[in-house]
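Summary of structural features
Residue-level listing of the chains:
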Amino acid sequence: MSRSTASGRGVEVTDTTNSHIDAAGTPGRDVGLVSTNDPQVDVAGTPGRDVGLIGTADRQADVAAAPGQGVGLVSTADRQVDVAGRGVRLVGTTDPQVDVVGTPDPRVPDVSIVVPVRARSGPLRRLLASVAGQVGDGPRVEVVVVDNPTPDNAGWLRTADLPFPVLYTCVSTANRGLARNVGAHLARGATLLFTDSDVRFAAGAVRRVAKASAALPRTLVMADVVFPPDEPRGLGTHLFDVAAYFRAYRSQRRLGPLQFRHFVSCCFAVPREDFLGLGGFDPGFTAYGYEDVEFAIRAERDGLSFDLEPARVYHHKPLAPASVLARSVELGRSAVRLVDLHPDIERVMPVGVAAAAAGELHFDPDFDVRDLLDRARRVERRWAGGRRSAPLSETRSLLAEARDVYERIARYGRFTGIREHVPTDPEAVR
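Presented here is an overview of the structure given in this document. Per-chain numbering applies: the sequence of each chain, read as written, is numbered from 1 onward. Only residues with pLDDT of at least 70 are given local features in this predicted model, and only at 80 or more are side-chain atom pairs given and counted; all residues enter the totals for whole chains, interfaces and linings. Note that water and hydrogens are dropped before the side-chain values are worked out from all heavy atoms of the structure.

1. Regarding the overall build of the protein chain
Cut-off, in case you're wondering: Helix and strand labels come from DSSP, where a helix needs a run of H or I of at least four residues and a strand needs a run of E of at least two; each type is numbered from the N terminus. In this scheme, a residue with accessible area under 20% of its type's maximum is buried, one over 50% is exposed, and one in between is partly exposed, where area comes from a 1.4 Å probe on protein chains only. The contact definition used throughout considers only heavy atoms, calling two residues in contact when any of these lie within 4.5 Å. With residues, only the protein chains shown are counted as cover, and all accessible areas are computed by Shrake-Rupley using a 1.4 Å probe.
For the protein chain, the helix and strand inventory stands at 12 helices and 18 strands. Burial analysis of the protein chain (430 residues in total) assigns 50% to the buried set. A separation of at least 24 residues holds for 59% of the contacts in the protein chain among residues at least 6 apart in sequence. Surface accessibility of the protein chain: about 19,600 Å² in total, with carbon and sulfur atoms responsible for 49%.

Here is the structure:
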């Protein structure tokens, strides 16, 4: 064991290994750095009293600025950990920087709303405003915001005036599944309510989804994702946005139980214990899509059920021809990952990998998708310009044309994403 002293009063560094320990400035009283391994541990500025860094590993642990009293960082690993505010104890965090914004409620929340976000400050503000409008109407909530891969929302969140505690962190990888998993580990509520940042809760939706989750143990409870009623909607959005899937899910729910292939992670609640027991989302999905299907497969096999609560959330995600193509390419990449993990999946849910390998899903190397994109843009312009006054027969014809061209764009995109990883049959008949 090594022993060191530093400037200031009451600072003791014990049992350090392989590193330089630096207590900078005047740390104040009763600051203890105990059992650190490998990194530099730096108490910067004037941390205040009773700040403990215990059991850190592999990286710099930094108590920055003036956290106040009674802040404890326990068993952190791999990255810088930063806590602001008072009376907060973060236990067992891994990988990211953790920042508690404002003055958190010392009471344990009923529901932790976990929000992975990537550079969307406007949508995130809209989402948090919709949550703020429901505080006092139902369960006690906290919000866990996980930026990825850069801390784009850290600045304004620190000064945001919100009627609930916000735990903020950033993971350095652009990975939605990883961000959700980190958020779940930071959350304190018994119920986790995962939501994407581009949604907005309708009045009472948080209470209704939380209540349904509490009444249905071992169940993934989805909110009902719908199109915003006050926004114009193009045909790409109408046909391919997440809200379009829920038309079929509502019908299926009336007919009988939902299954894994009816699950979308846009906004859903789950008991924290069940989520952690399943191991969370697979961070091996680095592209858009299918990480929720893979999670649902494991949930169903473990005996969990699925339900759809008629509590509305509005999905603000307009899709143009180019974005439908880009999303489809990512879905192709994710489909390969899904089949790698669950080779039998295409027996019940075809995702295009087997079809591409067999040549049933194929496009010539010289195929130019720009013609399809131009056609889709022309359809969108006709839809925007005259759908209200057009006869019903013309509207139906336009919808049919849009479905045809967008499905071809989606097929090409999916094939493009799949063929990056899976050999395809060049001799197949198209």
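Text resumes after the structure shown.
2. Let's talk about the pattern of salt bridges
What counts is decided by this rule: Each reported salt bridge corresponds to a side-chain nitrogen of Lys or Arg within 4 Å of a carboxyl oxygen of Asp or Glu.
Under the criterion given, the structure shown has 20 salt bridges. Across the pair Arg208 and Glu309 runs a salt bridge, and its minimum N-O distance is 3.5 Å. Taken together, the residues Arg208 in helix H4 (residues 205–215) and Glu309 in strand S18 (residues 305–315) connect sequence positions 101 residues apart. Given a relative accessible area of 33%, Arg208 falls into the partly exposed group. With a closest N to O distance of 2.9 Å, Asp368 and Arg370 form a salt bridge. Sharing partners across several salt bridges, the network here consists of Arg176, Arg180, Asp196 and Glu291.

3. Quick look at the pairing of strand S16 (residues 219–226)
Quick note on the threshold: Strand pairing is assigned whenever DSSP detects at least two bridges linking the two strands.
The buried fraction of S16 amounts to 8 of the 8 residues, a majority that puts the element mostly inside the structure. Across 8 bridges, the pairing between S16 and S18 is parallel. Within the sheet, the bridge partner assigned to Val221 lies in S18 and is Asp307. Relative to strand S17 (residues 267–271), S16 runs antiparallel, the two being bridged by 2 bridges. Looking at the pairing, Met222 lines up with Phe268 of S17.

4. Some points on empty space enclosed by the protein
Put simply, the rule is: Using only the protein atoms, space was sampled on a 1 Å grid; points where a 1.4 Å probe fits but cannot get out form cavities, open sets with protein on both sides within 12 Å along at least five of seven lines form pockets, and lining residues are those with an atom within 4 Å of a point. Grid points are joined across faces, edges and corners, and a volume is the space filled by probe spheres set on the points. Residue classes follow a fixed rule: Ala, Val, Leu, Ile, Met, Phe, Trp, Tyr, Cys and Pro count as nonpolar, while Asp, Glu, Lys and Arg count as charged, and any other residue, Gly among them, counts as polar.
This model, assessed by the stated rule, comprises 2 cavities of 30 Å³ or more. Approximately 40 Å³ is the volume found for the largest cavity. Every residue lining the largest cavity is listed: Val131, Gln134, Val135, Asp137, Pro139, Val141 and Val206. Looking at the lining of the largest cavity residue by residue, the class counts come to 5 nonpolar, 1 polar and 1 charged.

5. Some points on the side chain of Ser265
Defined as follows: Polar contacts, as used here, are pairs of N or O atoms within 3.5 Å; protein pairs need one atom able to donate a hydrogen and one able to accept it. Residues neighboring in sequence count only if both atoms are side-chain atoms.
Tracing the chain through its elements places Ser265 in the loop between helix H6 (242–255) and S17. At a separation of 3.1 Å, a polar atom in the side chain of Ser265 contacts the side chain of Arg180.

6. Overview of the environment of Ala179
Note that Ala179 resides in helix H3 (residues 176–186). Given the relative accessible area of 0%, Ala179 is considered buried. Not counting residues up to four positions away in its chain, the partners in contact with Ala179 are Pro116, Val146, Asn148 and Val171.

7. Considerations on the side chain of His342
Tracing the backbone through its elements, the reader meets His342 in the loop between helix H9 (321–341) and helix H10 (353–358). Within polar-contact distance, the side chain of His342 engages the side chain of Arg301 at 3.3 Å. Sequence-distant contacts of His342, that is, excluding residues within four places in its chain, are made with Glu294, Ile297 and Arg301.

8. Re the environment of Ala154
As for its placement among the helices and strands, Ala154 is situated in helix H2 (residues 154–159). Counting along the chain gives 15 residues from Ala154 to Thr169, while the straight-line C-alpha distance between them is 8.1 Å. Setting aside residues up to four positions removed in sequence, Ala154 forms contacts with Asp147 and Tyr168.

9. Overview of unusual backbone geometry
Following Asn148, the chain continues into Pro149 via a peptide bond in cis, with omega recorded as 5°. Tracing the sequence through the fold places Pro149 in the loop between strand S12 (141–147) and H2. With a phi angle near 55°, Ala119 is a residue other than glycine that sits in the positive phi range. Not every positive phi belongs to a glycine, and Tyr290 is a case in point at roughly 70°. Residue placement: Tyr290 occurs in the loop between helix H7 (272–278) and helix H8 (291–301).

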